[in-house]
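# Summary of structural features
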Amino acid sequence: QVASPGGLAGPVTIEDFEDASFQPGFTASGNSSSPPELFLASNATGGVTPSGVQGLILFQDGNGPNTFFFDFSGPVRSGGLWFGNDDTCCGSPFTAVLDIYSSGGLQGSVSVVANMNDSADQFLGFSTDFDVTRIGYRMDSNANLAMYVDDLYFSGAGGSTGGAVPEPATWALMILGFGAAGSTIRRRKSVV
């Protein structure tokens, strides 16, 4: 589990959902039964007014818990999102859950107790040693709340990706090369 974007293995792609043009590498959907399922906050209707959120909204349809799904076009190894909901209601808090899928299905989940604030001010993320193809953000209860995702972070999947880690043999050759270069430089200095 990763508690802030700074803990993600990078470099990462960031989608802020401030316009209808999304970064390449993922698609978003929701499982609510009343389409359209997802709204950009700037296009939201129904009296839902996020506090400082320029994000993606999934309205609950009363048949919860509903889920945001993010499907990646290529494998990712880390990611996360800022989340919130549309109300400070309810006597008991809920837990926000991020389900992590590979091509073989659900691999596990990470979670955090939501602070019931009506802004997207909590982060929930992951870092793995296997290829992730999908994540699902949901609440662990049937709370009739609209859910916000303000920013989505992910590594790989057609976005920015880091270079591969060299094999041990490559490291050995690189070290020999650096040593040879250093030796050559030293010899040149002593001749002069």
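Everything that follows concerns the structure shown earlier in this document.
A brief report on the enclosed structure follows. Note that the coordinates shown come from a computational prediction; the quantities given were computed from them, not determined experimentally. (Residues numbered from 1 in each chain as written. Predicted model: local features only at pLDDT ≥ 70, side-chain atom pairs only at ≥ 80, totals over all residues. Heavy atoms only, no water.)

## Overview of the overall build of the protein chain
- For the protein chain, the helix and strand inventory stands at 1 helix and 9 strands.
- Of the regular secondary structure in the protein chain, the N- to C-terminal order runs β-β-β-β-β-β-β-β-β-α.
- In the protein chain, buried positions account for 39% of the 192 residues.
- For the protein chain, long-range pairs separated by at least 24 residues make up 75% of all intrachain contacts whose partners lie at least 6 apart in sequence.
- Approximately 9900 Å² of the protein chain is accessible, and the part contributed by carbon and sulfur atoms is 52%. (Helix = DSSP H or I, 4+ residues; strand = E, 2+ residues; numbered from the N terminus. Buried < 20%, exposed > 50% of the residue type's maximum accessible area, 1.4 Å probe, protein only. Contact = heavy atoms within 4.5 Å. Areas by Shrake-Rupley, 256 points an atom, 1.4 Å probe, with all protein chains shown as cover.)

## Details of the pattern of salt bridges
- Per the counting criterion, the structure on display carries 3 salt bridges.
- Here R138 ties to D99 by a salt bridge, and the two come within 2.6 Å at their closest N and O atoms. Of the two residues, R138 is situated in strand β8 (residues 122-139) and D99 in strand β6 (residues 95-102); the sequence distance between them amounts to 39 residues.
- For R138, a relative accessible area of 24% corresponds to the partly exposed category. (Salt bridge = Lys/Arg side-chain N within 4 Å of Asp/Glu carboxyl O.)

## Looking at the side chain of T67
- Mapped onto the elements of the fold, T67 is located in strand β5 (residues 67-85).
- We classify T67 as buried; its relative accessible area is 7%.
- The residues contacting T67, other than those within four sequence positions of it, are S29, G30, N31, L58, G136, Y137, R138 and M147.

Remember that the coordinates give geometry; whether it matters functionally is a separate question.
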